[in-house]
Amino acid sequence: MAVNESIYGLKATWRTDNFSENNSDDLKHYSANFGNNSGQILYAIRNNKLKVNTPWDKSICYAAMDNGSVFSKVTFCASNGTNAPNVLTTENNALTEFNIGITNRNPYTNKQYNILKDKSYYTTMFWASNSTATDGTSTDREFCPSTSIAFKNMVLVPYVLATSSNTPPIADNDKICVPLKDYIDTYTLTHPYIVRVIVSFYGKTFANLTRTSIAKGIPTVAILNQLPKLCAKLNDINESTPDVRPFYTYTMCRGFIGGGSGLRNVARGINLFGECQTDTDVDVWGYSTNAYLDTDTSSNHYMSAWLNYNKYVHVKNPEYPKKIFSYIPYYNDFYEDVMTQTAYFGMFFTPDVDVAVNGDLNDNAMYCGIIDDSGITHGQYYHGAQNELLKQYSEWSNTNDTPYKSGGTDPNTYRNTSGFNNVINAPRDFNKRYVLSGSDVNTLNADFFAALSGVQTSEILDKAMEKFYVNNPIDCIVSLKWFPFSLPTFGSAQTVKLGVYNTTVSANQYVGSGVEVHNLGECLIYPHFGMGVFGGSGPCFLDYEPYTHIELIVPYCGTVKISPSDFMNCTLRVMMTVDVYSGSCTAYIQRNGLTVDSISGTISVDLPVSGVEAATLDSQVHTATNNFKMAKVQEAMTVVSSALRVATNFDTSKGQMISISGGANALADAVMSTAVASENLANTKYDLEHINVPFKTVGSNSGLNGAKAEQFCSLNITRPVLHSGFNADTYGHTVGYACLENGLLSSFTGYTVVSDIDLTGVNATADEKNMIINTLKGGVYL
Amino acid sequence: MILHLYNNAAANNVANKSTYLTERTPVTGIDCVPTMPLSILQPEFIVSYDGTYSLCNYAYVPAFGRYYYCTCTLLTGGRIRVSCTVDALYSHYASMSNCKCTVIRNENIGINIIPDTQLPVIPNAVDITSIELENSLFNTAALTPYLLTVIGA
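Just so you know, these numbers come straight off a predicted model, no measurement behind them.

### With respect to the overall build of chain A
- Along its length, chain A carries 14 helices and 42 strands.
- Taken across its 782 residues, chain A has 50% of its residues classed as buried.
- Within chain A, contacts between residues separated by at least 24 positions form 67% of all contacts whose residues are at least 6 apart in sequence.
- Per element, the accessible surface of chain A, about 34700 Å² overall, is 50% carbon and sulfur.

The structure is reproduced here in structure tokens:
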């Protein structure tokens, strides 16, 4: 991940502290330049390069540690000495992002927090100033983040500080500080009380033949995982009641083994294991700004213990009542634990200081932490010739070459195949399904009509209800579908029932999941124009779009466009799911087992089933009968009314019609209405005797075209045609095969067309160089 | 000035012509008189007549360190004018060989995946073929292809 140069300075300005400019680039150790040529974090904060209220830019992380590293268990406990301590923990299960930097040398530390007069709050974990330097101008222990560390020039050596006594006060003579190898070989029995382990750095600082301890500055690992926002009230030197200022805190782990006349300046490095004591008093053990687990609030005393290191033993120090002497008793896995934790830095390391100074990177006693392809370290390591397999040895020259990108790892889980899982387990409804043969259907058809044979039309409705439970017998059939394959059956054959009517057909039921999954076949998409057809190797461009097109025809669904680019040299498979209930189908096109496309269609054919619509028939009979009855009544009434009309126009006193015209009209009307009524009666009688029997059809024809098409998937491939006169060898010799290669001109032979060439070093005139270039562009024989 | 004359059988775009040159002058070359004004890229020389010289088409001038295409013209007085044009390709072949270049076509390498627009593909002519994917599902002569759905328990 490229270092953010806008924050940490342009690459050309990075500082090479302790490392000579004369060193080759793979021997230099660069640190950030925030603009003041000192690389100090303090400067960066004061000039708003790094803000206290925003997370740090982590482009300086070249790797991240998994949860096995001790640094993933760091807790931070801070106090300004008078207030209650605040415990801040790192995020659980997060990768530990870190940066290795250098702090300027100052062996003494003081308060944990300093607040600047300008209200810039920050934790002193990046520096510790003397109390007199609370204006932030002190350069003591300024942290200089590394922007680039040369793998081939950084060898780490774990040092062990141990004692022969576990009863403080401990005399100087009872303390040792030796490389890990020396401790294991010589001191595990005599000095079994391990107080601290630090990792010291060796490198070729001034183009030395051997590596030396990096004396100036103290290597430090800064843990860049964000701790929770600080909640404590901080002492402001200018305010009696400071505000709570939330900001992101980070922690730094730096170790210095010194103190006492015998051990001063023995080793400086990253604190890997061990406690620290920081006190206003001189600490005989030296100091380290570690994260802390616990505090003794009665004084400015802090004790640290790694959370995952529960082997700690704590003993009160009678000489310094406020201090606690903490140690780990030597145990068998101690060596392996130290090696594993050192490996987390992904650098070369060795327990033997002689190998660190003089050894080659593939020496048997030289080890190297493994950084995986994502830039994560897991505490694993190689050694000896195995180191040559690692990229820190063979490919990377510095930490900028690692693949690690801050922001965490990809949280997604990728899969390469798709499956078909039956999530529906035989859904049930109020229907029954039978799987029939063609002859079964014919027999069923006959049975159906036979059921109502001989039934009077007036009784047809009752019979329908009695046999089929429905007004219309046809309504007991929901559907009849035809599939282009045999349907699976379940159980044993049963009598096919329509309602309660037993047909003469015996058939198996279908009680499957309702969705059948079928493999419709597969094939390999092969580069037809072959590999290495036109010189060289690899598939030919003619096998890809726009030269070659591929279409997949799926029966009952349609056509799917297949991209040669997606499928070249891959297996194309078609899986089809069939919904037996609805007759729909979906074809899934898979590439090497992973579904990449789909197309749907209808695979079944609905077949119409017709039958007497009894309810309608009954209704028609009822209506016709009523009409006939009404017509009879009407006729009778009409005759009466006709007579009545004639009667009302007859003058009985005179024994004649009241008027000729009125009488004639009345008589005419009477005759007409009677005739009409008689005609109506005749019509209704005819209607009753000639009712059309209604039929109903269930289902309708759906297309049978699919059943007549090819019953397999086919891949239609359209390819270009080369001219018949094409000869590959002649073509290559006179035109050349298309390529894109870079190299020295002498590395090419045969017909060659050059697009660009750097003629620096050719002692030719300008005109000649132009001639050369033009000739090369036109093609030459080398 | 010394001049060497050759018969050159190589095409102009052959970079290293050494195996295609047949010298017609003595190994030590022949004396020649350059005409004025003298050009390094297009010099002219006058040499004494020799029957083989007039057929030469290639020259080398050690003093210039360059090779030339040349044409020989007969002059009066037993002389031949040799008119030269520099062959920059062969003249600087040795130093040019160590130059970094990008090659986009080559007789031996070829990267098939790079589209080659010069390939003689017949426009509008295509070849259509089909691959059948075998399956055992579809069978229009299936024994039980009908599904009857009826009401009822």
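Right, picking up where we left off after that structure.
### Here's the deal with the sheet that holds strand β41 (residues 751-757) of chain A
- Spatially, 4 strands are ordered β40(A)-β9(B)-β41(A)-β42(A) in an open sheet, and the strand pairing comes out antiparallel. Sheet topology places β40 (737-744) and β42 (780-781) of chain A at the edges, where each strand pairs with a single neighbour.
- Strands in contact with helix α14 (residues 766-778) of chain A are β41 and β42 of chain A; relative to β41(A), the strand with the most contacts, it is inclined by about 130 degrees.

### Quick notes on the confidence of the model for chain A
All names here are of chain A.
- On average, residues of chain A carry a pLDDT of 72, and 59% of them reach 70 or more.
- For chain A, the element scoring lowest by mean pLDDT is strand β16 (residues 288-289), at 30; strand β21 (residues 348-349) scores highest, at 97.
- In the predicted structure, residues 105-141 sits below a pLDDT of 50 and forms 112 contacts with residues beyond four places in sequence or in another chain.
- Between residues 275-309, whose pLDDT stays under 50, and residues either more than four places distant or in other chains, the model counts 149 contacts.

### A word on the sheet that holds strand β39 (residues 713-722) of chain A
- The strand order across the open sheet built from 4 strands is β30(A)-β29(A)-β39(A)-β10(B), with neighbouring strands paired in antiparallel fashion. Strands at the two margins of the open sheet, each flanked by one partner only, are β30 (558-562) of chain A together with β10 (121-133) of chain B. Taking the axes of each pair of neighbouring strands and ignoring which way they run, one obtains an average angle of 25 degrees across the sheet.
- Looking at chain direction, β39(A) and β10(B) are connected through 9 bridges and run antiparallel. The residue bridging A:Thr718 from the neighbouring strand is B:Ile128, located in β10(B).

### Considering the confidence of the model for chain B
- Residue-level pLDDT values for chain B average 89, and 97% of them are 70 or greater.
- Across the predicted assembly, pTM comes out at 0.49 and ipTM at 0.88.

### A short note on the interface of chain B and chain A
- Listed by partner, the interface residues are 64 residues for chain B and 115 residues for chain A.
- Together, the buried faces of chain B and chain A total about 8200 Å²; carbon and sulfur atoms form 62% of this surface.
- Inspection of the region where chain B meets chain A yields 48 residue pairs in polar contact (both at pLDDT 80 or more).
- Only α1 (88-91), α2 (93-96), β9 (100-106), β10 and β11 (146-151) of chain B provide two or more residues apiece to the side of chain B that touches chain A.
- Here the element with the most residues in the side of chain B that touches chain A is β10(B); it accounts for 11 residues.
- A per-class count over the side of chain B that touches chain A returns 36 nonpolar, 20 polar and 8 charged.

### What to know about α14(A)
- Under the 1.5 Å per step criterion, the end-to-end length of α14(A) is 18 Å for 13 residues, consistent within 8% with the ideal 18 Å.
- If you check which residues of α14(A) are buried, you get A:Glu768, A:Ile772 and A:Leu776. Looking straight down α14(A), one finds its buried side chains confined to an arc of 70 degrees; they lie on one side. Opposite the buried face of α14(A), by more than 90 degrees, sit the exposed residues A:Ala766, A:Asn774 and A:Gly778.
- As for α14(A), its buried residues are in contact with β41 and β42 of chain A together with β7 (66-75), β8 (79-86), α1 and α2 of chain B.
- Phi for A:Gly779, located one or two positions after α14(A), is positive at around 105 degrees.

### Some details on the packing of aromatic side chains
- Using the criterion set out here, one finds 23 aromatic pairs over all chains in the structure.
- Judged by centre distance (5.9 Å) and plane angle (70 degrees), the rings of A:Tyr183 and A:Phe334 are edge-to-face. Taken together, the residues span a long stretch of sequence, with A:Tyr183 in helix α3 (residues 180-187) and A:Phe334 in helix α4 (residues 334-343) at a distance of 151 residues. Neither A:Tyr183 nor A:Phe334 differs from the other in exposure class; each is buried.
- Aromatic pair B:Tyr67 and B:Tyr90: ring centres 4.3 Å apart, planes at 35 degrees, arrangement tilted. In this pair, B:Tyr67 is assigned in strand β7 and B:Tyr90 in helix α1, connecting sequence segments 23 residues apart. In terms of burial, B:Tyr67 and B:Tyr90 fall into one category: buried.
- The rings of A:Tyr62, A:Phe98, A:Phe151, A:Phe345 and A:Trp396 are connected pair by pair, giving a single aromatic cluster.
- Positioned above the aromatic ring of A:Tyr581 is the side chain of A:Arg433, whose terminal nitrogen or guanidinium carbon lies 3.8 Å from the ring centre.

### Examining the nonpolar core
All names here are of chain A.
- Core analysis: the biggest nonpolar cluster contains 41 residues, and Tyr62, Phe71, Phe98, Ile100, Phe334 and Phe345 have the highest contact counts within it.
- Setting aside residues up to four positions removed in sequence, Phe98 forms contacts with Ile60, Cys61, Tyr62, Ala63, Ala64, Met65, Val221, Ala222, Ile223, Leu224, Tyr344 and Phe345.
- Formed by 35 residues, the second largest nonpolar core is a distinct cluster that contains Val554, Val560, Val574 and Ile603.

### What about α4(A)?
- The buried count for α4(A) comes to 7 of 10 residues, which makes it a mostly enclosed element.
- Of the positions making up α4(A), those classed as buried are A:Phe334, A:Val338, A:Met339, A:Thr340, A:Gln341, A:Thr342 and A:Ala343.

### Side note on unusual backbone geometry
Residues and elements named next belong to chain A.
- Cis geometry is found at the peptide bond from Glu545 to Pro546, where omega equals -5 degrees.
- Turning to its location among the elements, Pro546 is positioned in the loop between β28 (515-524) and β29 (549-554).
- Even without a glycine there, the phi angle at Asn569 is positive, about 60 degrees.
- Tracing the backbone shows Asn569 in the loop between α9 (564-567) and β31 (571-579).
- Given a relative accessible area of 39%, Asn569 falls into the partly exposed group.
- Positive phi, normally seen in glycine, also occurs at Asn592, with a value near 50 degrees.
- Using a relative accessible area of 41% as the deciding quantity, one classes Asn592 as partly exposed.

### Remarks on the pairing of strand β1 (residues 2-8) of chain B
Residue and element names in this part refer to chain B.
- With 6 of 7 residues buried, β1 is to be regarded as a mostly interior element.
- Bridge analysis of β1 against strand β3 (residues 30-31) gives 2 bridges, and the strand direction is antiparallel. Bridging across to β3, Ile2 finds its partner in Asp31.
- Relative to strand β6 (residues 58-61), β1 runs antiparallel, the two sharing 3 bridges. Note that in β6 the partner of His4 across the bridge is Tyr60.
- The pairing of β1 with strand β2 (residues 21-23) spans 3 bridges and is antiparallel. Bridging from a neighbouring strand, Tyr6 pairs with Glu23 of β2.

### Description of the environment of A:Val574
- Positionally, A:Val574 belongs in strand β31.
- Owing to a relative accessible area of 0%, A:Val574 belongs among the buried residues under this scheme.
- Residues A:Val574 and A:Gln590, 16 residues apart in the sequence, show an inter-C-alpha distance of 6.2 Å.
- Residues within four places of A:Val574 in sequence aside, it is in contact with A:His518, A:Asn519, A:Leu520, A:Gly521, A:Leu552, A:Ala587, A:Tyr588, A:Cys713 and B:Leu133.

### Thoughts on a nonpolar patch on the surface
- On the surface, a cluster of nonpolar side chains totalling about 290 Å² of accessible area is made up of B:Met1, B:Met36 and B:Leu38.
- Tracing the chain through its elements places B:Met1 in the segment before β1.

### Examining the pattern of salt bridges
- Taken as a whole and assessed by the stated rule, the structure comprises 8 salt bridges over all chains.
- Between B:Arg66 and A:Glu768 there is a salt bridge whose closest N-O contact spans 2.5 Å. Of the two residues, B:Arg66 is situated in strand β7 and A:Glu768 in helix α14; the pairing between them involves two chains.

### Remarks on the packing of α3(A) against α4(A)
Residue and element names in this part refer to chain A.
- Across the interface, α3 lies against α4 with an axial gap of 11 Å and an inter-helix angle of 180 degrees. With respect to their mutual orientation, α3 and α4 come out roughly antiparallel. Contacts between α3 and α4 involve Leu180, Tyr183 and Ile184 from the first element and Phe334, Tyr335, Val338 and Met339 from the second.
- Of the residues in the contact of α3 with α4, the class split is 7 nonpolar, no polar and no charged.

About the cut-offs
- Residues numbered from 1 in each chain as written.
- Chains lettered and ligands numbered in written order.
- Predicted model: local features only at pLDDT ≥ 70, side-chain atom pairs only at ≥ 80, totals over all residues.
- Heavy atoms only, no water.
- Helix = DSSP H or I, 4+ residues; strand = E, 2+ residues; numbered from the N terminus.
- Buried < 20%, exposed > 50% of the residue type's maximum accessible area, 1.4 Å probe, protein only.
- Contact = heavy atoms within 4.5 Å.
- Areas by Shrake-Rupley, 256 points an atom, 1.4 Å probe, with all protein chains shown as cover.
- Pairing = 2+ DSSP bridges.
- Axes fitted to C-alpha atoms, helices over the stretch in contact; angles between N-to-C directions.
- pLDDT = per-residue confidence, 0-100.
- Buried area = accessible area lost by both parts, 1.4 Å probe.
- Polar contact = N/O pair within 3.5 Å; in protein donor to acceptor, adjacent residues only side chain to side chain.
- Nonpolar A, V, L, I, M, F, W, Y, C, P; charged D, E, K, R; others polar.
- Expected span 1.5 Å × (residues − 1).
- Arc of directions from axis to C-beta.
- Phe/Tyr/Trp six-rings, centres within 6.5 Å; stacked < 30°, edge-to-face > 60°.
- Lys NZ or Arg CZ within 6 Å of the ring centre and 35° of its normal.
- Core = buried A, V, L, I, M, F, W, Y, C linked by side-chain atoms within 4.5 Å.
- Patch = residues over 30% accessible without salt bridge, like charges linked within 9 Å, V, L, I, M, F, W, Y side chains within 5 Å.
- Salt bridge = Lys/Arg side-chain N within 4 Å of Asp/Glu carboxyl O.
- Parallel < 35°, antiparallel > 145°, perpendicular 65-115°, else oblique.

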